[in-house]
Structures are given as C-alpha cells and as structure tokens.
Number of protein chains: 2
Amino acid sequence: MSKTWKEDVQAAIRAGERISDQHIVDKVRHAVLTQRLPPGTRLPEVTLGEIFGVSRSVVRKALTRLTANHVIDQRPNQVARVRSPSIDETLETFAARRLVEGEVVALLAGHLDEEQRQALEALSRLEVDAHQRGDEPARIEHSLAIHHRLAELSPNRVLGAMLTDLILRTSIVIALYKRPSLASCFLEGDHPRLLECLRDAEPEAARQVIGDHLQALENLLDLGPREAEADLMAILGQSRAMGA
Amino acid sequence: MSKTWKEDVQAAIRAGERISDQHIVDKVRHAVLTQRLPPGTRLPEVTLGEIFGVSRSVVRKALTRLTANHVIDQRPNQVARVRSPSIDETLETFAARRLVEGEVVALLAGHLDEEQRQALEALSRLEVDAHQRGDEPARIEHSLAIHHRLAELSPNRVLGAMLTDLILRTSIVIALYKRPSLASCFLEGDHPRLLECLRDAEPEAARQVIGDHLQALENLLDLGPREAEADLMAILGQSRAMGA
DNA sequence: CGCAAGCATAGTGTATACAATTTCCGAGCT
DNA sequence: AGCTCGGAAATTGTATACACTATGCTTGCG
C-alpha cells in the first residue's frame, strides 16, 4: 500500500515529463496533502532520487525548499521527515490563517469581476455536488481550490502568498487531527455565503464568515488531550540540565 | 568600496568561525539590510564560494534559502541577484506587516512579564540615545531589534515567524526607497507609546499605535512617481509578442 | 535473559567534474 | 556607423565520489 505514489511518479517519468526540483516539491506537497505521505514518513535523498530519476543534488534542492515551506523537517545528519505539527502549532496556524484570510476576503469584497465570481461559484457548486454524491476526496479538492483561488486573487499579493502557505499548513494538520468518527468536515453553505458577501461588497461580513468558517473547521478537529508527552515533561523535567 | 564586506567575511573565516549555509544566509541578509549589498547586486555562486571558503554545494543551499526568504531573485540559468521589490510590492508588504504586527502586539498587550518589558524599554532608550547623538545606523539597529523582539515574543509563533520575514522585507524596501533628503526616519515617541499600551494591557490601542507607526514610516518613503519604466511599457508595448 | 560494546549499513555533508546555458565582446558585413 | 553572427568566457545545472555521522543489529558479557 505504500508503493502506489511511487508508481504514479515513475509512470509520469516514463511518460517523458521534465523533472526538476519544482516537480518534486509539487509531488511531495500533493502527496502530503492527500495523506499518501503521512506525517513522520522518512524521505531519504537517495530513495527520492531513484524514484524521480535524478541525482541527490536536485532532491536536496527540493528538500530545502520543502523545509522552507514547512512541509518537512530537516535536521542535521538526519533523514528528512514529513512534518507533524504539534497541537499548539495547529492552533496558532489556524489563528494566523483566520487573520490573513479574513483580510484577503475583506480586500476582495466588491472587487471581483464577473468572470472571477462565476468561476468561484462554479467551484462552490462542484463542491456541493461532490458532497451530495459522497465523494469526499473530490469535495476536499474543490474546497481547497476555492480557498487557493481566493489567495491567488488577493489584491495584496504578499498576503496572497502567505495565505497559500497557510492553506497548505492547515490542510496538513486537518488531515493529521481529523476526528476519525467524522466522515466529512463539510460546512454546509459557508462557501456560498462567503461568495454572497464578496458579490455584495460587504468586506466585514466576508471577514466574519470566513472567520467563523475556519473556527468551525478547527472545532471539528480532535485537539483535546495533550497526551503523555507534556505530562512526562512536567513529571520528569524537574532539573533541566542533567542529561548532557 | 565594494570590497569591504568581503574582507569582513574573510576575516571571520580566518578567525576560525564555522561556515555553513546558515552563516552565509545570515551574512547576506545582514549585508542586504545594511545596504552593503544594494538591490540588483550579482551573487555568483563561485564568487560567494571563494569568499566564504566553501564549495558551490553549500552556497547553492544558502541561495535557495535566501530565495525562499524573498531576499534574492533566482531565475533559471541566471545569476542570483539581490531583490529589488517594485513600488506595488512595497505597498503590499507594508500593508501585510501592519496586519500581522498589529495582531502580534494586540496578542502581546498585558502578556509581557516584567523582565521582557524592561528589556524592550531598555532597547527603546538605546534607540533614543542613538538618535540624540546622531548615530543613525545604531538607531536603526536598535529600532529593528525592538520589532524583532516583538516577533520573537509573539504568543502565536506562526505569526511571529511571518512577522520576522515581513520586518526583513520592509527594511529592505525602506533602504531602497528612503528619501535621500530625510536624514532620519525616527518617529519620536512611537515606540515608548507602544510599550505603554503593552504594559497597560490595551490590545486595540497597541494595534492602533503600531499601525500608525508603520503608516508614518511608509509615508516617509518616496513611492510617488512610477518613473519611465511603466510609461515605456505603455508606449512601446503595443504588440506583446514581437521580440522573441 | 538483559544489556552494552562494536561493527556493518544507511544516510547526509561537501567537494568536484562535466554538461548546458547564458552573456559578452569582437569581427565582418552592409 | 550600425547591425548581425560567431565564439570564448562566465555561470549555472546535474551527477558522482568520498568523508563523516547516525542507526541498527549482532555478539559477547554479566
């Protein structure tokens, strides 16, 4: 079961695709997003090189960029691993995204042309359709596409780029901490409501809607118990400088 | 005049410092900040390698990271150059920083312990001192240190990291677009006022003060005329695909 | 049976060689 | 003079070799 994504990639190579560090970054990012590369997965340079048919030089560049993108963890002399953000970081990432995405949609309200608005509404309809026919992966894909598009459309491109990053990071932690019980984290009507605010040029309403949307998403996660880790630290960490 | 920073670096190497990509990143970043490496400066890999006494492998990693940090521009098969953000991007960077730094100080208001507060006030006094004795470089250094410290102290470390990035980027464009006429862009009393708000636990006042501070800073820049570039494009660019 | 030391394996860090590409300059033509 | 067409120099892209570090397993001892 763990070999499938490798086969995908190698098929693409056989098909004659140009391979560069950008492709590796994209593939790994997407595989992480879709949970085909779960957090903690080892990413040895030679292995990646064999998979993509390139040498370690190219892989190394890709890994460096993935590290900058907060997708993987790279520590000296150790294998790169898919990042697994802590619960604290998850909360902070969501808070940051609420701030940034709220500002972006506020800036966007009333500043979309007809074509852009209709493209967004089409995506929203695709999302609803996918949900109604129970195709959760497709629904997630379309939902992500909406937010991603908002980031692209941001009049402030600096904020837009930051939002792109935050969308990726929140997606990763959603996949990580999603309650197994919950089949879907589809929040009925949120996206259509947002698009209404954008159409009607109501920046503060748009900010509110996206804020509530993200808060609701966060509330669907299983972020309760800190588990043993923190307790161990509290119990055993009486004197700080004893080990080394 | 262009050799001085190289000598600095080589002296450091002779002194036995460990060189790694992190050191190169730091050195280049600092040199860009202090305008010893003005925007547009070429950064060939072999040259940097000779300067720092390492091979291109290490330099390349550093350059990749600097690209991710928006400090340099790297385009395929071309020499890396110090980035020179456009006026539009400058405006957008400032807007992004107002948003993020405003949130950070709002979160920080009333949540600083005595030690942290006094450290910030000490920095603020150093800034005033430097200004009064006319030492502008030192004043900038201390001012930067205050903002940088705020980013470090941010309870939300995701926002803190984003703020660190934005401080660097705004500093670069300040250096780029500073009106030559203005000797100093010291905004009397802004920092002490901010620290008061933090001490008195007034988040919204703190957000307001930092927002005004950054707006005032932005207003000191020379961002008016778009110069000939845009005009040339408008006048000569009648048909897009003629050159190549 | 548990445990620690040591060796084999796996993996990263760095330097270097060679290929491919761009850039710059000069010669030659109009 | 101006313009274009080489061609050499400079520079990046990629692969590979070797050294160093970490990891894991096995062996030997208590």
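Residues numbered from 1 in each chain as written. Chains lettered and ligands numbered in written order. Predicted model: local features only at pLDDT ≥ 70, side-chain atom pairs only at ≥ 80, totals over all residues. Heavy atoms only, no water.

For chain A, an unreviewed UniProt entry supplies the name GntR family transcriptional regulator and the organism Halomonas urumqiensis.

(A) Representation of the overall build of chain A in the model. A tally of regular secondary structure across chain A gives 11 helices and three strands. Along its sequence from the N terminus, chain A presents helices and strands in the succession α-α-β-α-α-β-β-α-α-α-α-α-α-α. Burial status across chain A gives 42% buried among its 244 residues. Counted over contacts in chain A with a minimum sequence separation of 6, partners at least 24 positions apart contribute 73%. Approximately 13,100 Å² of chain A is accessible, and the part contributed by carbon and sulfur atoms is 51%. (Helix = DSSP H or I, 4+ residues; strand = E, 2+ residues; numbered from the N terminus. Buried < 20%, exposed > 50% of the residue type's maximum accessible area, 1.4 Å probe, protein only. Contact = heavy atoms within 4.5 Å. Areas by Shrake-Rupley, 256 points an atom, 1.4 Å probe, with all protein chains shown as cover.)

(B) Just the confidence of the model for chain A, in detail. The predicted model of chain A has a mean per-residue pLDDT of 86, with 82% of residues at 70 or higher. Below a pLDDT of 50 lies the segment residues 235-244 of chain A, which in the model reaches one contact outside its immediate sequence neighbourhood of four places, other chains included. (pLDDT = per-residue confidence, 0-100.)

(C) Region of interest: the interface of chain B and chain A. Chain B puts 22 residues into the contact, and the matching count from chain A is 22 residues. Considering only the surface of chain B that becomes buried against chain A, Glu-92, Leu-99 and Val-158 of chain B emerge as the three largest contributors, covering 34% of it. Note that Arg-157 of chain B is salt-bridged to Glu-92 of chain A, the shortest N-O span being 3.0 Å. Joining chain B to chain A, the criterion identifies four residue pairs in polar contact (both at pLDDT 80 or more). Within the residue set of the side of chain B that touches chain A, elements represented by two or more residues are helix 4 (56-68), helix 5 (87-108) and helix 8 (157-177) of chain B. It is helix 5 of chain B that contributes the most residues to the side of chain B that touches chain A, nine residues altogether. (Buried area = accessible area lost by both parts, 1.4 Å probe. Salt bridge = Lys/Arg side-chain N within 4 Å of Asp/Glu carboxyl O. Polar contact = N/O pair within 3.5 Å; in protein donor to acceptor, adjacent residues only side chain to side chain.)

(D) Representation of the protein's contact with DNA strand C. Near DNA strand C, the surroundings consist of 17 residues, among which Arg-42, Arg-56 and Arg-60 of chain A together with Ser-55 and Ser-57 of chain B are the closest. Among atoms of DNA strand C positioned within 4 Å of the protein, sugar and phosphate together represent 64%. Between Arg-42 of chain A and DNA strand C, the recorded distance is 2.9 Å, taken from a side-chain N or O atom to a phosphate oxygen. Between Asn-77 of chain A and DNA strand C, the recorded distance is 3.4 Å, taken from a backbone N or O atom to a phosphate oxygen. For the surface near DNA strand C, the secondary structure elements donating two or more residues are strand 1 (42-43) and helix 4 (56-68) of chain A together with helix 4 of chain B. When residues of the surface near DNA strand C are assigned to their parent elements, the largest contribution, three residues, is made by helix 4 of chain B. Split into classes, the residues belonging to the surface near DNA strand C amount to six nonpolar, six polar and five charged. (Near = heavy atom within 4 Å. Nonpolar A, V, L, I, M, F, W, Y, C, P; charged D, E, K, R; others polar.)

(E) Seen up close, the protein's contact with DNA strand D. In the vicinity of DNA strand D there are 17 residues, among which Ser-55 and Ser-57 of chain A together with Arg-42, Arg-56 and Arg-60 of chain B approach most closely. A share of 63% of the atoms of DNA strand D within 4 Å of the protein falls on sugar and phosphate groups. Measuring from a base nitrogen of DNA strand D, one finds a side-chain N or O atom of Arg-56 of chain B at 2.9 Å. Interatomic distance of 2.6 Å between a side-chain N/O atom of Arg-60 of chain B and a phosphate oxygen of DNA strand D.

(F) The arrangement of the sheet that holds strand 1 (residues 42-43) of chain B in detail. Residues and elements named next belong to chain B. A sheet is described by the order of its strands in space; here three strands give the open sequence 1-3-2, paired in antiparallel fashion. Both edges of this open sheet fall to strand 1 and strand 2 (72-73), since each of them pairs with a single strand only. The pairing of strand 1 with strand 3 (residues 80-82) spans two bridges and is classified as antiparallel. By the bridge assignment, Arg-42 is partnered in strand 3 with Arg-81. (Pairing = 2+ DSSP bridges.)

(G) Main features of the environment of Thr-164 of chain B. All names here are of chain B. Checked against the element boundaries, Thr-164 lands in helix 8. The class for Thr-164 is partly exposed, based on a relative accessible area of 29%. When the C-alpha atoms of Thr-164 and His-147 are compared, they prove to be 8.4 Å apart, with 17 residues separating the residues in sequence.

(H) Spatial organisation of the sheet that holds strand 3 (residues 80-82) of chain A. Strand order in this open sheet of three strands is 1-3-2 (chain A), and the pairing throughout is antiparallel. Two strands bound the open sheet, and with one partner strand each, they are strand 1 and strand 2 (72-73) of chain A.

(I) Summary view of the side chain of Asp-165 of chain A. Mapping Asp-165 of chain A onto the fold places it in helix 8 (residues 157-177). Given the relative accessible area of 17%, Asp-165 of chain A is considered buried.

(J) Structural detail: helix 3 (residues 45-52) of chain A. Residue and element names in this part refer to chain A. Within helix 3, burial applies to Glu-45, Leu-48, Gly-49, Ile-51 and Phe-52. Seen along its axis, helix 3 keeps its buried residues to an arc of 165°; they face one direction. Count one or two residues on from helix 3 and you reach Gly-53, which has phi positive near 70°. (Arc of directions from axis to C-beta.)

(K) Looking closely at the relation of the copies chain B and chain A. Screw-axis analysis of chain B against chain A gives a translation of 0.0 Å along the axis, an RMSD of 0.0 Å, and a rotation angle of 180°. Those values place the two copies in the arrangement expected of a two-fold rotation axis. Both copies share a contact surface, since 100% of the interface residues of chain B are interface residues in chain A too. (Least-squares fit on C-alpha atoms with pLDDT ≥ 70 in both.)

(L) Broad picture of the environment of Glu-136 of chain B. Residues and elements named next belong to chain B. If you trace the backbone, Glu-136 turns up in helix 7 (residues 136-153). Overall, Glu-136 belongs to the buried group, its relative accessible area being 17%. Sequence-wise, Glu-136 and Phe-186 are 50 residues apart; in three dimensions their C-alpha atoms are separated by 8.9 Å.

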